[in-house]
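Observations on chain architecture
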Amino acid sequence: MRPEKHNSRPEISPPESTTQLPSAPTHANVDAIERMERGSELGWRAHLAVPLAALVALAIHLLFSKRAPAVETHSYTLLFYEIVGVSIVLSIAQRFWMPLRSWMRHMCPILTAAILLLGLWDIVTFGFQLLPMPYFPGPAAVLRSLINDRVLLLDSTWHSLALLLSGYTVGVLVGLISGICIGWSTPIRYWGMPLLKVVGPIPATAWIPLAMVVSPSAVVSAAGLIALAVWFPVTMLTASGISNTRASYLDVARTLGAGRAYLVFRVAIPAAIPNIFIGLFMGLGASFLTLVVAESVGVKSGLGWYVSWAQGWAEYGKVYAALIIMAAFFSTLMTLLFKLRDHVLVWQKGVIKW
Amino acid sequence: MEASSLRIREVSKSFPAPDDPLTRRLTLSNISLSLAAGELVSLIGPSGCGKSTLLRLIAGLDSPDSGELLVGSEPITSPNAERGLVFQDPNLFPWLTVRRNIQAGLVARGVLREKRDEVDQFMRLVGLEVFANAYPHHLSGGMAQRAALARALINHPKVLLLDEPLGALDAFTRMRMQDEVLRLWQAHRTTMLLVTHDIDEAIYMSDRIMIMSPRPGKIEQTISVGLDRPRQRTSEDFLRLRGDILELLHLAGESSVENKN
């Protein structure tokens, strides 16, 4: 027997109207935005901002570059010619392709600002040399280092990635296991928590002297330190997530006939997943820090090693080049973790956007 | 599972007092009651009279200080799928879709494979088949509570315990849900113990009404509702019964004030 239709209608709302996350625009909003964007052209300011900014930055550079050998600045000027060219092509293409237009509307201001900032950097360093050399090279020199040293940079990135992922994976696995045990079992919490509280807050990098002595190789000790750095936040947040599982979820599960395996793996762990992800994020941040420090003191490869090696030769252009790679590298890993989180936590409302 | 009788004999339960952990406060004092198989009984009383504590004891989530609880002839020792419990908060698992919530009991007991057909049957029973793949935060309060009822009923409990299951719903939804619960009760003929603070709900739904008084919780009076179903909420008999119960509840409240002084 089914409830009569007029009976159930008032409380059944179509899922579409409520499935949107609070942070995402509603359908009505999207419609309004689309209508607005279809109606209005991209203004001339948005059209011209990026190429104009690129021309300004280029002019600044050419103004000062007379006294420098052409080979040193060639790729930088080429970059700006490319930016001018591409932005003009895009501003023509957006007339025919809607998604590109809304992307440009969103990106043009920030790109313009970034290009102008490059120009300012150029003035301060390369132009008037207001900052002491060789510590503050201009953007052209950094770009040149990036291009000239690309093979070594790529190789360093690869080594860093391998080291980071092996340490992070071990740290996460051990952290999840210890966190679940500490969070679920009272005796394990009694014995484990003091250890966690005492050992955990020590920065993993403080163990470097000890790690160098006990471990067979620098790479293994670095991976171990990264694992240690990741282990602490993952354990802490997992344990608190598990032990704070709403008692009523466990009560309900028990009255449904759940045994201990169900309570742990199908109730407590899913309930702790939001917390666990916070631990994973904190662990990822800690792993970046530990990676760079470990690479600059012991390991003879990777981006951290590259930075301190370049600094040793006073090649600061290379230092900045490596920093740019690191920024892109770490930011990508962060984004991937956010994507994973969004995928796993579809059931949760209002998650932080990255 | 068949519906089963429920017998409670001289059950007492105390908890540590929140303000003074060294003393214990008696929450239930010598409660005795029995429900025939397939009977629907309501427990009403002012807040703090131990209604929810009693349900937790019957569910097996807590154990009494003294006394005896029996389902059929089996003593209650721990939670079991034969005694379902539905709270005021539906407590659906937010990480599972509606379908997976409803089949949770089958998964927990490891019988999903044999009884997979029943999942669809129960989703249809509570009118949620369209929402099978929605997550609980997409559901309205009434829909969520229907899903919680289906989740409890899919185990075919001998006894279904309802702890103010409709308390959080608005008046219209609540009246519709009362019919819904009655329909499920009639379809499954399970023994039902309903805790509520809504007198109309108790009269509308139950075979018998037990009135509890607080501090310490005890059963003051049991009233048989001899009205034919479906009951008219505005009929003379209904209103007279309502008046009687209201009076008894006032008395119960006063006696508790005297006890406290």
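These lines cover the structure that appears in this document, whether it is placed above or below. These numbers were taken from a predicted model, which means no experiment stands behind them.

The number of helices and strands found in chain A is 15 helices and zero strands. A burial count over chain A gives 41% of its 354 residues as buried. Looking at chain A alone, contacts between residues at least 24 apart form 73% of all its contacts between residues at least 6 apart.

All names here are of chain B. Strand order in the open sheet made by the six strands is β6-β7-β8-β3-β9-β10, with mixed pairing throughout. In this open sheet, the two edge strands, each paired with only one partner strand, are β6 (83-86) and β10 (218-224). For this sheet the average axis-to-axis angle between neighbouring strands, irrespective of direction, equals 20 degrees. Strand direction decides the pairing type here: strand β3 (residues 40-44) and strand β9 (residues 208-213), joined by four bridges, are parallel. Looking across to β9, one finds that L43 is bridged to M210. Packed onto the sheet, helix α5 (residues 141-153) meets β6 and β7 (159-163) and runs at close to 170 degrees relative to β6.

Further remarks concern unusual backbone geometry. Phi angles above zero are rare outside glycine, and Q129(A) is one such case at about 50 degrees. Residue position: Q129(A) is located in the loop between α6 (98-127) and α7 (139-148). Exposure remark for Q129(A): the relative accessible area of 45% places this residue in the partly exposed category. Of note in the backbone geometry, N30(B) takes a positive phi value of approximately 50 degrees without being a glycine.

This brings us to a positive patch on the surface. Taken together, the side chains of R266(A), R100(B), R113(B) and R116(B) present a region of like positive charge at the surface. Position of R113(B) among the secondary structure elements: in helix α4 (residues 112-125). Judged by relative accessible area, R113(B) falls into the exposed class, the value being 76%.

Here we come to the interface of chain A and chain B. Contacts between the two partners involve 32 residues from chain A and, on the opposite side, 40 residues from chain B. At the boundary of chain A with chain B, total buried surface from both sides reaches about 3,200 Å², with 62% on carbon and sulfur atoms. The interface formed by chain A and chain B holds two salt bridges in total. For D251(A), the salt bridge goes to R56(B), with nearest N and O atoms at 2.8 Å. For the pair chain A and chain B, the interface holds seven residue pairs in polar contact (both at pLDDT 80 or more).

All right, on to the sheet that holds strand β2 (residues 24-35) of chain B then. Adjacent strands of a sheet pair through backbone hydrogen bonds, lying either parallel or antiparallel. Residues and elements named next belong to chain B. What the four strands build is an open sheet, ordered β2-β1-β4-β5; its pairing is antiparallel. The open sheet has two edge strands with one neighbour each: β2 and β5 (74-75). Bridge count between strand β1 (residues 6-16) and β2: eight bridges; the pairing is antiparallel. In the strand pairing of β2, K13 is matched with L28. Against the sheet, helix α1 (residues 51-59) makes contact with β1, β2 and β4 (66-71), and its axis sits at roughly 120 degrees relative to β1, the strand it touches most.

Residues and elements named next belong to chain A. Where helix α9 (residues 186-199) contacts helix α11 (residues 218-243), the two axes come as close as 12 Å, and the packing angle between them is 145 degrees. Crossing hand, α9 versus α11: left-handed. Contacts between α9 and α11 involve R189, M193 and L196 from the first element and W231, F232, T235, M236 and S243 from the second.

Any two side chains of opposite charge can pair, given that their charged atoms come close. Applying the stated criterion to the full structure yields 17 salt bridges over all chains. For E68(B), the salt bridge identified is with R9(B), shortest N-O distance 2.8 Å. With E68(B) in strand β4 and R9(B) in strand β1, the pair connects residues that are 59 residues apart, well separated along the chain. For E68(B), a relative accessible area of 33% translates into the label partly exposed. Each of D251(A), R254(A), R56(B) and D62(B) takes part in one network of salt bridges that share partners.

Reading the values: rules and limits
- Residues numbered from 1 in each chain as written.
- Chains lettered and ligands numbered in written order.
- Predicted model: local features only at pLDDT ≥ 70, side-chain atom pairs only at ≥ 80, totals over all residues.
- Heavy atoms only, no water.
- Helix = DSSP H or I, 4+ residues; strand = E, 2+ residues; numbered from the N terminus.
- Buried < 20%, exposed > 50% of the residue type's maximum accessible area, 1.4 Å probe, protein only.
- Contact = heavy atoms within 4.5 Å.
- Pairing = 2+ DSSP bridges.
- Axes fitted to C-alpha atoms, helices over the stretch in contact; angles between N-to-C directions.
- Patch = residues over 30% accessible without salt bridge, like charges linked within 9 Å, V, L, I, M, F, W, Y side chains within 5 Å.
- Areas by Shrake-Rupley, 256 points an atom, 1.4 Å probe, with all protein chains shown as cover.
- Salt bridge = Lys/Arg side-chain N within 4 Å of Asp/Glu carboxyl O.
- Lys, Arg positive; Asp, Glu negative; His and termini not counted.
- Charge placed at Lys NZ, Arg CZ, Asp CG, Glu CD.
- Buried area = accessible area lost by both parts, 1.4 Å probe.
- Polar contact = N/O pair within 3.5 Å; in protein donor to acceptor, adjacent residues only side chain to side chain.
- Left-handed = near helix turned anticlockwise from the far one by under 90°.

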